[in-house]
Each structure stands twice: as structure tokens, then as C-alpha cells.
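The primary structure of each chain is shown beneath.
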Amino acid sequence: MPVLVFSADNHLCNHSKTPMKNSVCSLAAVVITVIYSACTAWSQELHIYTDLSKTTYLGCLTCSKYSGESVWNAYGKYGSKYNSISIWNEYGTYGSIYNSKSPWNEYGTNAPMLIDANGRFIGYFTRNKYHNRRTANEFALKVLDNYDYIRDNFEKGVDKLD
């Protein structure tokens with residue numbers, strides 16, 4: 001499972017396997033890693049679909065960066081910034097900040113859905129904080145809230161995911 005580390009002010013830290021210089025990020029790394037590990041002990045796999053009938057699969061949000069289904073696999077179908085259905089393709093339907101079907105549109109109304117491995121609806125995967133059924137999943141919210149940083153540092157950031 002990917003582990004993203006956020007500082008106390010909710011920004012993604014420059015996380016690597018060597019000790020971080022910023023003590024705030026170091027403390028956040030320890031706390032969030034422990035919390036994230038405890039929360040994922042039961043391993044909730046979250047998949048992104050365009051709708052409940054699962055018309056179009058957009059990838060796995062919580063799968064390893066080595067998984068072909070992972071949105072964190074830059075060389076895979078769902079993590080590539082060049083694939084038309086990737087959430088990372090800024091010119092595609094699901095990666096554009098302007099398309100209402102994209103999770104990155106802050107006012108989008110038709111955002112993709114998070115569905116767990118048992119087929120349960122977890123919430124809409126959207127940056128739209130006013131959407132009444134926006135996901136409450138903490139990891140998904142961190143990704144949504146830090147989209148700009150992740151987008152701008154995707155390749156460097158993915159290399160640091162465990």
C-alpha cells in the first residue's frame with residue numbers, strides 16, 4: 001500500500017528512506033505511518049469507478065505502486081499521465097480540473113466513486129468539499145487535498161512510495 005506523509009499543516013512532506021531534515025515532517029512521518037499502518041491492518045482496497053454499475057474502471061487508489069491496477073504506477077494503464085482514462089492525464093476526462101467527471105474539479109458534480117473490494121460504496125472521490133457524499137476516507141482526502149503537489153511532483157513522489 002502506498003504511504004504518503006503529510007506535515008502538521010497538511011502538506012505532503014519530502015519523504016524518503018533517509019531521515020528527513022524537517023523535524024515537523026519527521027514527527028508527522030512517524031505518527032502518520034503508525035496510524036496508516038494500524039488503519040490498513042485490515043487492508044481496505046479502494047477502487048475508483050465512474051459509477052455504481054462499474055461502467056469504467058479508473059484504477060486502485062490504495063494498491064501498491066507495482067500493481068498494474070494502481071493509480072500510483074506511472075507505467076501502468078491507470079497511473080500513466082498519457083492514458084485517456086487515467087486520473088493523472090490533465091487533458092483526459094478524468095484528469096482535467098475542468099471536467100465535472102474528474103475528481104480534481106473543485107466544483108464537479110459527477111466525480112468518480114470509491115468502491116471497496118466487497119463492492120461497497122465508500123463515497124465520491126472529489127475535491128468538491130460541498131459534495132454531500134464526498135468520501136470520508138482519510139487517505140483519499142489527503143490525496144484530494146494535496147492534488148496540486150502530487151501532480152507537480154508525481155514521478156519523484158511515486159518513487160518514494162513503499
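Along each chain, residue indices are assigned from 1 in the same order as the chain's sequence is written. Local features in this predicted model are restricted to residues of pLDDT 70 or higher, and side-chain atom pairs are both shown and tallied only at a pLDDT of 80 or more, whereas totals for entire chains, interfaces and linings draw on every residue. Think of the side-chain values as coming from all heavy atoms in the structure, minus any hydrogens and water.

Draft legend 1. Representation of the state of the cysteines in the model. Pairs of cysteine sulfur atoms within 2.5 Å are what we label disulfides. Tallied over the full model, the rule gives one disulfide. Bridging Cys60 to Cys63, the disulfide has an S-S length of 2.1 Å. Across the S-S bond of Cys60 and Cys63 the torsion is about 80 degrees, and the bridge reads as right-handed. When sorted by exposure, Cys60 lands in the same class as Cys63, which is buried. With a 1.4 Å probe rolled over the protein chains alone, any residue whose accessible area is under 20% of its type maximum counts as buried; one over 50% counts as exposed, and the rest are partly exposed.

Draft legend 2. Summary view of the layout of surface pockets. Estimates place the volume of the largest pocket at around 460 Å³. Only protein atoms enter the 1 Å grid, on which a cavity is a set of points fitting a 1.4 Å probe that cannot get out and a pocket is an open set with protein on both sides within 12 Å along at least 5 of 7 lines, lining residues being those with an atom within 4 Å of a point. Lining the largest pocket we find 21 residues, and of these Ala74, Gly79, Lys81, Phe154 and Glu155 sit closest to its centre. Here the lining of the largest pocket takes four residues from helix H4 (residues 154–159), the largest share from any one element. Residue composition of the lining of the largest pocket, by class: nine nonpolar, five polar and seven charged. Grid points are joined across faces, edges and corners, and a volume is the space filled by probe spheres set on the points. Secondary structure counts use DSSP, requiring at least four H or I residues in a row for a helix and at least two E residues in a row for a strand, with both numbered from the N terminus. All residues other than Ala, Val, Leu, Ile, Met, Phe, Trp, Tyr, Cys, Pro, Asp, Glu, Lys and Arg, Gly among them, are scored as polar; the first ten of these are nonpolar and the last four charged.

Draft legend 3. Summary view of the nonpolar core. Leu61, Trp72, Ile87, Trp88 and Phe125 are the most contacted members of the largest nonpolar core, which totals 29 residues. At the level of secondary structure, the elements contributing two or more residues to this core comprise strand S1 (46–49), strand S2 (57–60), strand S3 (113–116), helix H2 (138–145), helix H3 (147–152) and H4. A total of four residues in this core trace back to one element, the largest contributor, which is H2. Side-chain atoms within 4.5 Å link the members of a nonpolar core, which is a set of buried Ala, Val, Leu, Ile, Met, Phe, Trp, Tyr and Cys residues.

Draft legend 4. Local environment of the side chain of Thr62. Tracing the backbone through its elements, the reader meets Thr62 in the loop between S2 and S3. Counted as a polar contact is a pair of N or O atoms within 3.5 Å, where, for protein atoms, one must be capable of donating a hydrogen and the other of accepting one, and residues adjacent in sequence contribute only when both atoms are in side chains. Among the polar contacts made by the side chain of Thr62, one reaches the main-chain carbonyl oxygen of Gln44 at a distance of 3.2 Å. Here the side chain of Thr62 touches Leu46 through a polar contact of 2.9 Å, landing on its backbone nitrogen.

Draft legend 5. Representation of the confidence of the model for the chain within the structure. Model confidence for the chain is summarised by a mean pLDDT of 80, while 71% of its residues fall at 70 or above. The pLDDT value expresses, per residue, how confident the predictor is, ranging between 0 and 100. Residues are treated as being in contact if the distance between any of their heavy atoms lies within 4.5 Å. In this model residues 14–42 is a low-confidence stretch, pLDDT under 50, and it forms 33 contacts with partners more than four residues away in sequence or in other chains.

Draft legend 6. Highlighting unusual backbone geometry. Not every positive phi belongs to a glycine, and Lys54 is a case in point at roughly 60 degrees. In this fold, Lys54 is placed in the loop between S1 and S2. Given the relative accessible area of 38%, Lys54 is considered partly exposed.

Draft legend 7. Representation of the pairing of S3. Here S3 shows two buried faces, one formed by Met113 and Ile115 and the other by Leu114 and Asp116. The pairing criterion for strands is at least two bridges between them, as found by DSSP. With four bridges joining them, S1 and S3 adopt antiparallel strand pairing. Bridged to His47 within S3 is Ile115. Where S3 and strand S4 (residues 121–124) come together, three bridges link them in antiparallel fashion. The residue bridging Leu114 from the neighbouring strand is Gly123, located in S4.

Draft legend 8. Looking closely at the packing of aromatic side chains. Whether two aromatic rings pair depends on their centres lying within 6.5 Å, for rings of Phe, Tyr and Trp, where Trp uses its six-membered ring; planes under 30 degrees apart make the pair stacked, over 60 edge-to-face, and the rest tilted. Evaluation of the coordinates by the stated rule reveals eleven aromatic pairs. A ring pair is formed by Tyr57 and Tyr78, whose centres lie 5.0 Å apart and whose planes are at 75 degrees; its orientation type is edge-to-face. With a gap of 21 residues between them, Tyr57 in strand S2 and Tyr78 in the loop between S2 and S3 connect regions that are remote in the sequence. A relative accessible area of 15% places Tyr57 in the buried class. Their ring planes at 70 degrees and their centres at 5.3 Å tell us that Phe121 and Tyr124 sit as a pair that is edge-to-face. Note on Phe121: relative accessible area 25%, which makes it partly exposed. A residue is classified by how much of its surface remains accessible, and Tyr124, at 16% relative accessible area, is buried.

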